[in-house]
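Breakdown of the fold
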Amino acid sequence: MAQTQYRLADVQARNGKLGAPIWIVYKDSVYDVTSYVDQHPGGNDAIIAEAGTDATSAFQDVGHSDDATTILAKYKIGEIVEEEKKYDANGKKKKKVVAAKDEGTGRSCLNTVTCGLLG
Ligand code: HEM
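All of the points below concern the structure found in this document. This is a predicted model, so every value here is computed, not measured.

**What about the coordination of the iron atom of the ligand?**
Binding of the iron atom of the ligand to the protein goes through H40 (NE2) and H64 (NE2), at separations of 2.0 Å. Note that the iron atom of the ligand binds 6 donor atoms; their angles at the metal cover 88 to 180 degrees, and the shape is octahedral. With H40 in the loop between β3 (29-32) and α2 (44-48) and H64 in the loop between α3 (56-61) and α4 (66-73), this pair connects stretches of sequence that are 24 residues apart. Since its relative accessible area comes to 30%, H64 is described here as partly exposed.

**Side note on the site of the ligand**
Surrounding the ligand, one finds 17 residues, the nearest of these being Y36, H40, P41, H64 and S65. Here H40 contributes a side-chain N or O atom positioned 2.8 Å from a nitrogen atom of the ligand. One of the side-chain nitrogen or oxygen atoms of H64 is found 2.8 Å away from a nitrogen atom of the ligand. Taken together, the elements giving at least two residues each to the shell around the ligand come down to α2, α3 and α4. Looking at the shell around the ligand, the element that brings in the most residues is α4, giving 3 residues. Residue composition of the shell around the ligand, by class: 12 nonpolar, 4 polar and 1 charged.

**Digging into the nonpolar core**
Counting 14 residues, the largest nonpolar core has I22, I24, Y31, V33, I47 and L72 as the members making the most contacts within it. Residue assignment for this core shows that the elements contributing at least two residues are β2 (23-26) and α4. Apart from residues no more than four positions distant in its own chain, I22 is found in contact with R14, G16, Y31, D32, V33, T34, V37, I47, I48 and A51. One finds Y6, W23, V25 and I80 within the second-largest nonpolar core, a separate group that totals 6 residues.

**Some details on the side chain of D28**
For D28, the location among the structural elements is in the loop between β2 and β3. Here D28 is buried and forms no salt bridge, its nearest opposite-charge partner K85 lying at an N-O distance of 5.8 Å. From its side chain, D28 meets the backbone nitrogen of Y87 in a polar contact 2.8 Å long. Not counting residues up to four positions away in its chain, the partners in contact with D28 are E79, I80, K85, K86 and Y87.

Reading the values: rules and limits
Residues numbered from 1 in each chain as written. Predicted model: local features only at pLDDT ≥ 70, side-chain atom pairs only at ≥ 80, totals over all residues. Heavy atoms only, no water. Donors = N, O, S within 2.8 Å, 3.2 Å for Na, K, Ca; no water. Tetrahedral: all angles 85-135°; square planar, octahedral: opposite > 155°, others 65-115°. Helix = DSSP H or I, 4+ residues; strand = E, 2+ residues; numbered from the N terminus. Buried < 20%, exposed > 50% of the residue type's maximum accessible area, 1.4 Å probe, protein only. Near = heavy atom within 4 Å. Polar contact = N/O pair within 3.5 Å; in protein donor to acceptor, adjacent residues only side chain to side chain. Nonpolar A, V, L, I, M, F, W, Y, C, P; charged D, E, K, R; others polar. Core = buried A, V, L, I, M, F, W, Y, C linked by side-chain atoms within 4.5 Å. Contact = heavy atoms within 4.5 Å. Lys, Arg positive; Asp, Glu negative; His and termini not counted. Salt bridge = Lys/Arg side-chain N within 4 Å of Asp/Glu carboxyl O.

Take a look at the structure:
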């Protein structure tokens, strides 16, 4: 069955404030951890601080165990819509597309001169 799709803006609204639920994003999946926060061994404040955001790096930076990832999986409610995903189908971080509007600016000219000198 297809996963429920959410936008980052949908997640942002679930930031735990004023009685809102607590959703986080981890690697393009969306989790409703409202009922988990008070069981969190790292304290509820650690998760509340990430409520409504992409908590991927916060979760990874702590060095959570495999158990923590298994627990997290139980709270999955869906995925981020394709166009807002940050990871490709292999779980690798997508490269950012360089905006074309940067071309032709003074900085680009400077880069061309610098590259010319160096190259
Ligand atoms: C929302 C999903 C999360 C789950 C399911 C989860 C689960 C766990 C579990 C099971 C532990 C015990 C140690 C381990 O097994 O790694 C733990 C510890 C910890 N977590 Fe999380 N965690 C979550 C999110 C976060 C976030 C967003 C932060 C913020 C940075 C955080 C910070 C910590 C800290 C600091 C500890 C260490 C606590 C200690 O050793 O006293 N966790 N977490």
